[in-house]
Amino acid sequence: MNRRLLMLVVAGLVSSCGGSEGEDPTQCADGKDNDGDGFIDCDDGGCAVLVDCGGFVYAGVEAGGDADADADADADADSDTDTDTDTGVTTGGADLVIALLSVYPTATYAGGFVEVSYSVANQGGGGANASEIEFRLSDDTLFDNGDTFMCGEPLPAMPSMGYGGGYAYCYVPYVQPYFYNLVARVDGANVVNETNEFNNDGSTPLTVTP
């Protein structure tokens, strides 16, 4: 069985398990891989955002402590001003940030597939209507027009302090082998008016092998 077919079979088996770990909080401390994706309890994206697992994590920094209460709000404030043309500013509105982003495997080949785990938090004081998250392959950590589209997923409406997330199976485009990054942007279509329109991006390393 070649590697591409094997990856498709694995993706199918994982997606057929149904649900995601963390829908029932007791699943985050039972020592089991409830959704069959290879991650257990707090290592699973569905559990990592829960308070018992340390709360929201953004770019490897746990937000909510006295020293880093604003970490998720300003971690990438300067990273996406190149193409993010959002202009909506509201008071007491929504504020979407990528709370968790990881990819498996972290090294793969062009033409294969990777599993992306993600969680998006609405840390604003108002609700957010349904939107989407987009994933691209980039040779840096910035989400911009030079990146290559991989896949996208819809996001549900989220109340204040709510979150949504899950898994995406993204195709790895045919590119030269390199130490790339998988970059993501929430609400790239600007359908949600946010109090901060410049903190919607995230990135995680992804190596494309020969």
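What this report covers is the structure whose coordinates are included nearby. Throughout this document, residue positions are counted from 1 along each chain, in the order its sequence is written. At least 70 in pLDDT is required for a residue's local features to be given in this predicted model, at least 80 for side-chain atom pairs to be given and counted, and no such filter applies to totals for whole chains, interfaces and linings, which use all residues. Derived side-chain values reflect all non-hydrogen atoms in the structure, with water molecules and hydrogen atoms excluded from consideration.

This part is about the overall build of the chain. Summing up its helical and strand segments, the chain has 3 helices and 10 strands in all. Burial classes follow relative accessibility: with a 1.4 Å probe on protein chains only, a residue under 20% of its type's maximum area counts as buried, one over 50% as exposed, and anything between as partly exposed. Out of the 210 residues in the chain, the part that is buried amounts to 45%. Contact criterion: two residues are considered in contact whenever any of their non-hydrogen atoms come within 4.5 Å of each other. Residue pairs at least 24 apart in sequence account for 69% of intrachain contacts in the chain once pairs closer than 6 positions are excluded. Carbon and sulfur atoms make up 55% of the accessible area of the chain, which amounts to about 10100 Å² in all. The way it works is that DSSP assigns letters per residue, a run of H or I at least four long becomes a helix, a run of E at least two long becomes a strand, and they are numbered from the N terminus. Computed by Shrake-Rupley with a 1.4 Å probe, the accessible areas treat only the displayed protein chains as cover when residues are assessed.

Next up on the list: the packing of aromatic side chains. Stacked, tilted and edge-to-face are the three classes assigned to paired rings of Phe, Tyr and Trp, where Trp is represented by its six-membered ring and a pair needs centres within 6.5 Å; plane angles under 30 degrees give stacked, over 60 edge-to-face, the rest tilted. According to the stated counting rule, one finds 4 aromatic pairs in the structure shown. With centroids separated by 5.6 Å and ring planes inclined at 65 degrees, the aromatic side chains of F113 and Y171 adopt a geometry described as edge-to-face. Here F113 is found in strand β5 (residues 113–122), whereas its partner Y171 is found in strand β8 (residues 163–171), with 58 residues between them in sequence. On the basis of relative accessible area, F113 is assigned to the partly exposed category, the value being 21%. One aromatic cluster is present, formed by F113, Y171 and Y174 through successive ring pairs.

Let's shift gears to unusual backbone geometry. Residue P105 is bonded to the preceding Y104 through a cis peptide linkage, with omega at -5 degrees. In this structure, P105 sits in the loop between β3 (96–104) and β4 (107–109). A positive phi is found at D187, a non-glycine position, where the angle reads about 55 degrees. Relative to the elements of secondary structure, D187 occurs in the loop between β9 (178–186) and β10 (201–209). The backbone phi angle of N190 is positive, close to 60 degrees, even though this residue is not glycine. For N190, the location among the structural elements is in the loop between β9 and β10.

The next point concerns the nonpolar core. Put simply, buried Ala, Val, Leu, Ile, Met, Phe, Trp, Tyr and Cys residues joined by side-chain atoms within 4.5 Å make one nonpolar core. Counting residues in each nonpolar core, the largest one holds 28 residues, and the members touching the most others are V116, I133 and F135. Residues in contact with I133, not counting those within four places in the same chain, are I98, Y118, V120, G152, E153, L155, A184, R185 and V186.

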